[in-house]
Amino acid sequence: QVQLVESGGGLVQPGGSLRLSCAASGSIRNIYAMGWYRQAPGKQRELVAEITSGGSTHYVDSVKGRFTISRDNAKNTVDLQMNSLKAEDTAIYYCRLRAADYTYYWGQGTQVTVSS
């Protein structure tokens, strides 16, 4: 059993910054990648950013240059630094862990609201 706990969401003004953190615990073996997804009201969940155990990163085009994903393999944590936030970044952000055997685990989600 793997548990993912997110933290760091909240309300921020446009142009502001937030840092999301996700900690994985439990029976963790062979993590391939950890990442962040988001789901806005009425929209499908989408990948925001992902980082592999080797450090390769992938970002959705809309956040490139504004968001940075980082990972601590020893601590099984993944962070998402979000800068220059826009109203369209408002969503529930979910942490996801992908194991080497293609098993996926999800966190409960944390709300990010960008509004003046």
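Quick look at the structure, then. (Residues numbered from 1 in each chain as written. Predicted model: local features only at pLDDT ≥ 70, side-chain atom pairs only at ≥ 80, totals over all residues. Heavy atoms only, no water.)

### Notes on the overall build of the protein
Argument step 1. Scanning the protein from N- to C-terminus turns up zero helices and eleven strands.
Argument step 2. When its helices and strands are written in sequence order, the protein yields β-β-β-β-β-β-β-β-β-β-β.
Argument step 3. Its C-alpha radius of gyration of 13 Å places the protein within 12% of the 13 Å reference for a compact globule of 116 residues.
Argument step 4. Here the C-alpha coordinates of the protein stretch approximately 40 × 25 × 25 Å along the principal axes.
Argument step 5. Out of the 116 residues in the protein, the part that is buried amounts to 41%.
Argument step 6. In the form shown here, the protein has an accessible surface area of approximately 6,200 Å², with 45% of it arising from carbon and sulfur atoms.
Argument step 7. Taken together, the 12 basic and 9 acidic charged side chains of the protein have centroids lying 1 Å from each other. (Helix = DSSP H or I, 4+ residues; strand = E, 2+ residues; numbered from the N terminus. Rg over C-alpha atoms; globule rule 2.2 N^0.38 Å. Buried < 20%, exposed > 50% of the residue type's maximum accessible area, 1.4 Å probe, protein only. Areas by Shrake-Rupley, 256 points an atom, 1.4 Å probe, with all protein chains shown as cover. Lys, Arg positive; Asp, Glu negative; His and termini not counted. Charge placed at Lys NZ, Arg CZ, Asp CG, Glu CD.)

### A short note on the state of the cysteines
Argument step 1. Using the criterion set out here, one finds one disulfide in the structure.
Argument step 2. Bridging Cys-22 to Cys-95, the disulfide has an S-S length of 2.1 Å. The disulfide joining Cys-22 to Cys-95 has a torsion of about -80° about its S-S bond and is therefore left-handed. With Cys-22 in strand S3 (residues 18–26) and Cys-95 in strand S9 (residues 91–99), the pair connects residues that are 73 residues apart, well separated along the chain.
Argument step 3. Residue classification places Cys-22 among the buried positions, given a relative accessible area of 1%.
Argument step 4. For Cys-95, a relative accessible area of 0% gives the class buried. (Disulfide = S-S within 2.5 Å.)

### Description of the pairing of S9
Argument step 1. Judged by how many residues are buried, S9 sits mostly within the fold: eight of nine residues are covered.
Argument step 2. Looking at chain direction, strand S4 (residues 31–39) and S9 are connected through eight bridges and run antiparallel. In the sheet register, Gly-35 faces S9, and the bridge partner there is Arg-96.
Argument step 3. Direction of pairing for S9 relative to strand S11 (residues 110–114): antiparallel, over a ladder of three bridges. Looking at the pairing, Tyr-93 lines up with Thr-110 of S11.
Argument step 4. Here S9 runs beside strand S10 (residues 104–106); their pairing, made up of three bridges, is antiparallel. Of the residues in S10, the one forming a bridge with Arg-98 is Tyr-104.
Argument step 5. The antiparallel hairpin formed by S9 and S10 contains four residues in its connecting segment, where Tyr-102 sits at a positive phi of about 70°. (Pairing = 2+ DSSP bridges.)

### Examining the side chain of Arg-71
Argument step 1. Checked against the element boundaries, Arg-71 lands in strand S7 (residues 67–72).
Argument step 2. For Arg-71, which is buried and forms no salt bridge, the nearest opposite charge comes from Asp-72, at a distance of 7.9 Å.
Argument step 3. Of note is the side chain of Arg-71, whose polar atom sits 3.3 Å from the backbone oxygen of Ile-51.
Argument step 4. Not counting the four nearest positions on each side in its chain, Arg-71 is found in contact with Ile-31, Tyr-32, Ala-33, Met-34, Ile-51, Thr-52, Ser-53, Thr-77 and Val-78. (Salt bridge = Lys/Arg side-chain N within 4 Å of Asp/Glu carboxyl O. Polar contact = N/O pair within 3.5 Å; in protein donor to acceptor, adjacent residues only side chain to side chain. Contact = heavy atoms within 4.5 Å.)

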